[in-house]
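Summary of the model geometry
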Amino acid sequence: MHQQIVRNEIEHAKKLIEKLENEGNDNLFLLYYKGKATKDLNLLIQALSHFSIFGRADMVPVVQRDIISLKKKGDFF
């Protein structure tokens, strides 16, 4: 799903995320990519919090950068 988002194939990424969720997959990265694909600021903030809590400090700056970018563009839900 990362590649679909990078290539701006957002609808394809959303379908993949939905399929994974329907199969019972639930993890930090799925939450992050769902927030990124849907431009949902609340999901990205949740992902940021979860990455911090669950020891994935390496992802914190990545998510922060995405949050800042969405806020600057005003392109979020």
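So, here's what we can say about the structure. Just so it is clear, the structure is predicted and the values come from calculations on it, not from any experiment.

The rules behind each value
- Residues numbered from 1 in each chain as written.
- Predicted model: local features only at pLDDT ≥ 70, side-chain atom pairs only at ≥ 80, totals over all residues.
- Heavy atoms only, no water.
- Helix = DSSP H or I, 4+ residues; strand = E, 2+ residues; numbered from the N terminus.
- Contact = heavy atoms within 4.5 Å.
- Buried < 20%, exposed > 50% of the residue type's maximum accessible area, 1.4 Å probe, protein only.
- Polar contact = N/O pair within 3.5 Å; in protein donor to acceptor, adjacent residues only side chain to side chain.
- Axes fitted to C-alpha atoms, helices over the stretch in contact; angles between N-to-C directions.
- Left-handed = near helix turned anticlockwise from the far one by under 90°.
- Parallel < 35°, antiparallel > 145°, perpendicular 65-115°, else oblique.

1. Digging into the side chain of glutamine 4
Residue position: glutamine 4 is located in helix H1 (residues 2-6). For glutamine 4, the residues in contact, after removing those within four places along its chain, are Glu9, Ile10, His12, Ala13 and Leu16.

2. Focus on helix H3 (residues 28-38)
Inspection of H3 places Leu28, Leu30, Leu31, Tyr32, Tyr33, Gly35 and Ala37 among the buried residues, and these make up the whole buried set. N-cap assignment for H3: the residue whose side-chain oxygen lies 2.9 Å from the backbone N of phenylalanine 29 is asparagine 27. Looking one or two residues past H3, lysine 39 carries a phi angle of roughly 60 degrees, positive in sign.

3. Notes on the packing of helix H2 (residues 10-22) against H3
At a closest axis distance of 10 Å, the pairing of H2 and H3 adopts a crossing angle of 145 degrees. You can see that H2 and H3 cross each other, and the crossing is left-handed. Side by side, H2 and H3 meet where Ile10, Ala13, Lys14, Ile17, Leu20 and Glu21 of the first sit next to Leu30, Tyr33, Lys34, Ala37 and Thr38 of the second.

4. Structural notes on unusual backbone geometry
Of note in this structure, asparagine 8 is not a glycine but carries a positive phi near 65 degrees. Here asparagine 8 lies in the loop between H1 and H2. By relative accessible area, asparagine 8 is classed as exposed at 61%. With a phi angle near 60 degrees, lysine 39 is a residue other than glycine that sits in the positive phi range. Take lysine 39: it is sitting in the loop between H3 and helix H4 (41-53). For lysine 39, a relative accessible area of 30% translates into the label partly exposed.

5. Focus on the packing of H3 against H4
Where H3 meets H4, the closest approach of the two axes is 8 Å, and the angle between their N-to-C directions is 155 degrees. In terms of orientation, H3 and H4 fall into the roughly antiparallel class. Crossing handedness for the pair H3 and H4: left-handed. For the pair H3 and H4, contact is made by Leu28, Phe29, Leu31, Tyr32, Lys34, Gly35, Lys36 and Thr38 and by Leu43, Leu44, Gln46, Ala47, His50 and Phe51, respectively.

Take it as geometry only, folks, not as evidence of what the structure does.
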